[in-house]
Amino acid sequence: MTSQSLSRRQVIPPALLLPISCCTALLCTAPARASEMRPEEADAAAPHASPVEQMRAASPGMTFDDLVRQGIIADPREPSREHTQIDLDPGTYPEGDNMGWATFTRDGARILLTNRDTDLVTVYDAATRQVVANIPVGGYPSGIAITDRYAVITSPFENRVCVLDLDTYEIVGFAPTGEQPWVVRISPDQSTAYVACDISNTLEVIDIATATRLRSIPEFPLYLNSWMTNSENGRITVQFADFELTSDGAYAVIADGEVSTTFYFFNTATGEIDYTIPGIPNGRALTVSGDGTKAVLASLSDPVSVWQIDLSAHAVTGTVTIPGYQIGYFCIGANHDGSKAYLGVTNNKGAIVRFPTSDYHLFSETYTPQWIGSSPDHAWAISGHYRFTILDYATESILGSYEGNTQSNGAVSPVGFRAVGFDPHRHEGLYFYDYPGGVPSYRGTTVAGLDPEGDCPHRVAITPDGAKAIVGNVLSDNVVVIDLEAPAVVATIPTADRPQDIAITPDSRWAVVGAGFGPVTILDLSTHTVAAQVQAGTGPVAISLSADGSKAFAGNASSNTVSIIELSGPTSHEIAELPVGEIGVLWAAYGVWSDVEASPDNRYCLVATSFEDVVKVIDSNLSSVVATVPVGHFPLQIAFDDDGSHAIVTNSQGSSYSVVRVNGAFSHLVGTFYRGAQPLRLDHDPAHGLTAIGNYQSKTVVLVNPETGDLVATESYTAYGNIHQVILDENGEPIVLTATGSTPPGYLVRGAEAVPLPAVPAHFDYSPLSRVAVVAGSGPDWVTLVGFGASGAPEVTHLPLGQAGLLLPPAPNPAGGSADLGFVLPASGWVRLEITDAAGRSVASIPLGRMSAGRHEEQWSLPGTGVYFVRLLVDGRMLDSRRLVALER
């Protein structure tokens, strides 16, 4: 345990995702859409179209702080204000980003979901699936628990809990806690919340109605249990050791499976440890039976053991070991009397253990459950993974299953037959299920926040005329169109699942979007509509267009083919699909796919057949593979020279690049050269006849002759981190995108200027006409526009992106004396600013009258030091909230 404070807005720095080594044990990988992924597919390079999702057990003593300091996650909290830089969140505000935990209200009518990166709690109507409220609560809201009247929400980065009135959606107040509160439980009489803190190792006792801390129980052994990353986006999820309350509320029970072998009974009235049960090593997954008489605890051991504990006798009353298996994810369920338990184990299985007979029954149909719940009567176990499954404890049979939505978390209604599941790594919305009679039916999905959102910007392409940027969002399955002159988001367009590469025709009219699953989407950029969806091969993740814009080449990572598509607007269609050998992805920089690249003379297309260490040459006119050229180890990205006679390919795993003479069937290797460690992306400048290669690991950019491979220059970017991408500007100078694994999480570097970025970047594009670079940053769902104008005047502007009003960040913040409160209205309306203090008490109410659409500012004189919350109300509806810190004048 440490006492370091944790930075917010966590994102996965892809620099650490190749290869990923497990802290203590690799537990499971998420399944692909059609089948389970193999654990060995978690290597640096992977021949499939699905992102690698891994869950790891935390090392003893590891905290969420440690993940930050180790560089596993970074702190992209604030953008730089040193350059002309505009940050756009590509979606409709408010968004619900980086989902945390969900719970049903006690009457089953609503669902509350915490959104950690946007500081919101989203409230859904369980019957209609509609969002009924988005409530700003601040502080990276995480754990949540419900009474009939209130919700109690932990804010681990504000060291407090928020008490929310479920009748009015008003904040009752904030109660201070120890350091980093994560897990909350409610007393049986609903008067008290018990909040467990990781860093301070305290159990905080909170009076819910008044939102005040009554006392703090020391040495409560809460710890980080596991954490999960995803190779394609900036999401990380964590799971902490669970604790439960006895049915009378007299004890909080918890296993210290991290550093000891003890199960503790903490007296909630005195804070004393009244009872202990020693000899339970690595107890990690905990639940209580439906009648409250038994606790069930599973171990992180090989093989896994499951204990039954009598809560009134304070003793172990049964143990079951499952030879040959370990625990999968740290979740477990129990039946009504605790005689049976259900858990996930390794090798894609679930298991019901029977304490009376000390044996078990395995299920292979469930995959390894990532979350487990119980029906209200505890007769059935609810199992969520890629299959949502209902199991009967009595008959030890599967009553029903629905396959199709990956989910790592979920919640079950305490009444009726409803449940939700979700996976922040795959889709930022809830999946809704009914399961009457034990047979689940899928009712659909609704995103957190407001629809449409732009979740996890992954790729960006600027139109050749420099007027628009098209950004693909892998978690919301859409693209946004940004008007670069305004700048503003002008359209959100749905695409196929997990949009990947984007290419735009030379006339700036059509955009071609590849996807992880589904067809290639053709967008009409004059109307911002889908013109056509072309069924190509499976997983069209890499897109390249012929120089005249008549053809598109799609690299299909799942079917290992290249599709040739004739581009003709609404009548675009596939004219050939060619087998090219095993292609795939390197999981660096949020994923770099095996490239397809069309030549500038419209004659050829080259394919990096990465797993065969060759480049295939496709004749565009013949629609056939005419040559195979051996190159270095794991060829990845390709760039042609001016006339298409030569091409350079980066051999990422061989730390080399190869020059290929391109001449149809007579194509051959010119040479392979070693100029840096792990080259990824590259770019060619026809005006100066040079190719720039970015070396990911050695943090250098080399400029080379594309015909001979000769080295012209080497530039070091060691101070700025791993190189994700390089583009040569109109002067032939490199613009370099980097990731640091620390704070700031990345840079866009051009000459002597290094622009700090607000998130670990995935990709960027640059327009020499508008002299604007657009960077996709997956973590906080921002794109950053960096204008390289002549003035260089520092300026930062946050703009509205959808149909809701936007309260701009108070300036300055922290402030002394007064602060400017800016806001933007999408339409005219009656406006009021409400200011409350940290306890939720009203400080000021500022009626501003009816105001027109557009941007407005109001200056507010601060009444004193402290933390304030500013709310924007339009026509009586609260649209947005901001936090303001007041210092001494």
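Note that the coordinates shown come from a computational prediction; the quantities given were computed from them, not determined experimentally.

Trainee: Let's hear about the overall build of the protein chain: which residues, and what values?
Mentor: Each helix and strand counted, the protein chain has one helix and 79 strands in total. Relative to its full complement of 889 residues, the protein chain shows a buried share of 65%. Carbon together with sulfur atoms contributes 48% to the accessible area of the protein chain, which is approximately 28400 Å² in total.

Trainee: Any chance you could break down the packing of aromatic side chains for me, citing the residues and the numbers?
Mentor: The final tally for this structure, using the stated rule, is 32 aromatic pairs. When the ring of F417 is compared with that of Y435, the centres are 5.6 Å apart and the planes differ by 90 degrees; the resulting orientation is edge-to-face. Within this pair, whereas F417 is found in the loop between β35 (409–412) and β36 (418–423), its partner Y435 is found in the loop between β37 (427–434) and β38 (441–447), the two being separated by 18 residues in sequence. Assessed through its relative accessible area of 0%, Y435 is described here as buried. The rings of W371, F388, Y402, Y431, Y433 and Y442 are connected pair by pair, giving a single aromatic cluster. The ring of F174 carries R160 above its face, with NZ or CZ at 3.8 Å from the centroid. Lying across the ring of F788, R750 places its NZ or CZ 4.8 Å from the centre.

Trainee: Give a description of the environment of A133 that names residues and reports values.
Mentor: With respect to the helices, strands and loops of the structure, A133 is situated in strand β8 (residues 131–136). Measuring from C-alpha to C-alpha, the distance between A133 and V121 comes to 8.1 Å, with 12 residues separating the pair along the chain. Ignoring any residue separated from it by four or fewer positions in sequence, one finds A133 in contact with V121, T122, V123 and Y169.

Trainee: Which residues make up the environment of A175, and what values go with them?
Mentor: Following the sequence through the fold, A175 ends up in strand β12 (residues 171–176). A175 sits in the buried class, given a relative accessible area of 0%. Expressed as a C-alpha distance, the spacing of A175 and V163, which sit 12 residues apart in the sequence, is 7.9 Å. Sequence-distant contacts of A175, defined by excluding residues within four places in its chain, comprise N159, R160, V161, I206, A211, T212 and R213.

Trainee: Outline empty space enclosed by the protein, supporting the account with residue identities and numerical values.
Mentor: Counted under the stated rule, the structure contains three cavities of 30 Å³ or more. Roughly 50 Å³ of volume is contained in the largest cavity. Taken together, L757, P758, A759, P761, V775, A776, G777, W782 and T784 form the lining of the largest cavity. For the lining of the largest cavity, the secondary structure elements donating two or more residues are β70 (772–777) and β71 (782–787).

Trainee: Requested: an account of the pairing of strand β28 (residues 340–345), with residues and values cited.
Mentor: Within β28, six of the six residues are buried, which leaves the element mostly enclosed by the surrounding structure. Here β28 shows a buried face lined by K340, Y342 and G344 and a second buried face lined by A341, L343 and V345. As judged from the four bridges shared by strand β27 (residues 327–334) and β28, these two strands associate in the antiparallel manner. In the strand pairing of β28, I332 is matched with L343. With antiparallel pairing between neighbouring strands as the criterion, β27 and β28 make up a hairpin whose turn holds five residues, including G338 at a positive phi of roughly 75 degrees. Pairing between β28 and strand β29 (residues 349–354): six bridges, direction antiparallel. The partner of A341 across the bridge, within β29, is V353. If you look at the hairpin formed by β28 and β29, you'll find three residues sitting between the two strands, and N347 has a positive phi there, around 65 degrees.

Trainee: Describe in detail unusual backbone geometry, supporting the description with residues and values.
Mentor: One can expect most non-glycine residues to show negative phi and most peptide bonds to be in trans. Residues D302 and P303 are joined by a peptide bond in cis, for which omega reads 5 degrees. Relative to the helices and strands, P303 resides in the loop between β24 (294–299) and β25 (304–310). Following N813, the chain continues into P814 via a peptide bond in cis, with omega recorded as 5 degrees. As for its position among the elements, P814 is in the loop between β73 (806–807) and β74 (818–825). Unusually for a residue other than glycine, D119 sits at a positive phi of about 55 degrees. Mapped onto the elements, D119 comes out in the loop between β6 (110–115) and β7 (120–125). Classification of D119 by relative accessible area gives buried; the value is 13%.

Trainee: Describe the nonpolar core, and please don't skip the residues or the numbers.
Mentor: W182, L203, F220 and F243 are the most contacted members of the largest nonpolar core, which totals 25 residues. Within the residue set of this core, elements represented by two or more residues are β13 (181–186), β14 (192–197), β15 (203–207), β17 (224–230), β18 (236–240), β20 (251–256) and β21 (262–267). Other than its neighbours up to four places away in sequence, F220 contacts A196, N201, T202, L203, F243, A252, I254 and F266.

Trainee: Quick one: what's the story with the sheet that holds strand β53 (residues 596–598), residue by residue and with numbers?
Mentor: Strand order in the open sheet made by the four strands is β53-β54-β55-β56, with antiparallel pairing throughout. Looking at the sheet topology across the chains shown, the edges are occupied by β53 and β56 (624–630). This sheet shows a mean twist of 20 degrees between the axes of neighbouring strands, independent of strand direction. As judged from the three bridges shared by β53 and strand β54 (residues 604–609), these two strands associate in the antiparallel manner. The residue of β54 that forms the bridge with E597 is L606.

Trainee: Quick one: what's the story with the pattern of salt bridges, residue by residue and with numbers?
Mentor: Pairing is possible between side chains that carry opposite charge, provided their charged atoms lie close to one another. In total, this model carries 19 salt bridges according to the counting rule given. Across the salt bridge formed by E170 and R871, the nearest N and O atoms sit 3.1 Å from each other. With E170 in the loop between β11 (160–165) and β12 and R871 in strand β78 (residues 866–874), the pair connects residues that are 701 residues apart, well separated along the chain. With a relative accessible area of 43%, E170 lands in the partly exposed category. Residue class for R871 comes out buried when judged on its relative accessible area of 13%. One salt bridge connects E403 with R387, and the closest N-O pair in it is separated by 2.7 Å. Taken together, the residues E403 in strand β34 (residues 397–403) and R387 in strand β33 (residues 387–392) connect sequence positions 16 residues apart. Connected through salt bridges with shared partners, the residues K340, R354, D359 and E396 form a single ionic network.

Trainee: Go over the side chain of T561 with me, naming the residues and quoting the values.
Mentor: Mapped onto the elements, T561 comes out in strand β49 (residues 561–566). Taking relative accessible area as the criterion, T561 reaches 8% and is therefore assigned buried.

Trainee: Mind laying out the environment of G549, listing which residues take part and the relevant values?
Mentor: Its place among the elements puts G549 in the loop between β47 (540–545) and β48 (551–556). Along the primary structure G549 and S568 are separated by 19 residues, whereas in three dimensions their C-alpha atoms are 9.4 Å apart. Leaving out residues up to four positions away in the same chain, G549 has contacts with T505, P506 and L567.

Trainee: Describe the sheet that holds strand β59 (residues 656–661), with residues and values.
Mentor: Read across the sheet, four strands follow the order β57-β58-β59-β60 without closing on themselves; strand pairing throughout is antiparallel. Each edge of the sheet is formed by a strand with only one pairing partner; in this case those strands are β57 (635–640) and β60 (668–673). Across the sheet, the mean angle separating the axes of adjacent strands is 25 degrees when strand polarity is ignored. The pairing of strand β58 (residues 646–651) with β59 spans six bridges and is classified as antiparallel. Its bridge partner being in β59, A647 is matched across the sheet by V660.

Trainee: Which residues make up the pairing of β70, and what values go with them?
Mentor: Counting buried residues in β70 gives six out of six residues, a clear majority hidden from the surface. The hairpin turn running from strand β69 (residues 761–767) into β70, its antiparallel successor, is four residues long, and R771 in that turn takes a positive phi close to 55 degrees. Summarising the sheet, β70 and β71 pair through six bridges and their orientation is antiparallel. By the bridge assignment, G777 is partnered in β71 with W782.

About the thresholds
Residues numbered from 1 in each chain as written. Predicted model: local features only at pLDDT ≥ 70, side-chain atom pairs only at ≥ 80, totals over all residues. Heavy atoms only, no water. Helix = DSSP H or I, 4+ residues; strand = E, 2+ residues; numbered from the N terminus. Buried < 20%, exposed > 50% of the residue type's maximum accessible area, 1.4 Å probe, protein only. Areas by Shrake-Rupley, 256 points an atom, 1.4 Å probe, with all protein chains shown as cover. Phe/Tyr/Trp six-rings, centres within 6.5 Å; stacked < 30°, edge-to-face > 60°. Lys NZ or Arg CZ within 6 Å of the ring centre and 35° of its normal. Contact = heavy atoms within 4.5 Å. 1 Å grid on protein atoms, 1.4 Å probe; cavity = no way out; pocket = protein on both sides within 12 Å on 5 of 7 lines; lining within 4 Å. Points joined across faces, edges and corners; volume = space filled by probe spheres on them. Pairing = 2+ DSSP bridges. Core = buried A, V, L, I, M, F, W, Y, C linked by side-chain atoms within 4.5 Å. Axes fitted to C-alpha atoms, helices over the stretch in contact; angles between N-to-C directions. Salt bridge = Lys/Arg side-chain N within 4 Å of Asp/Glu carboxyl O.

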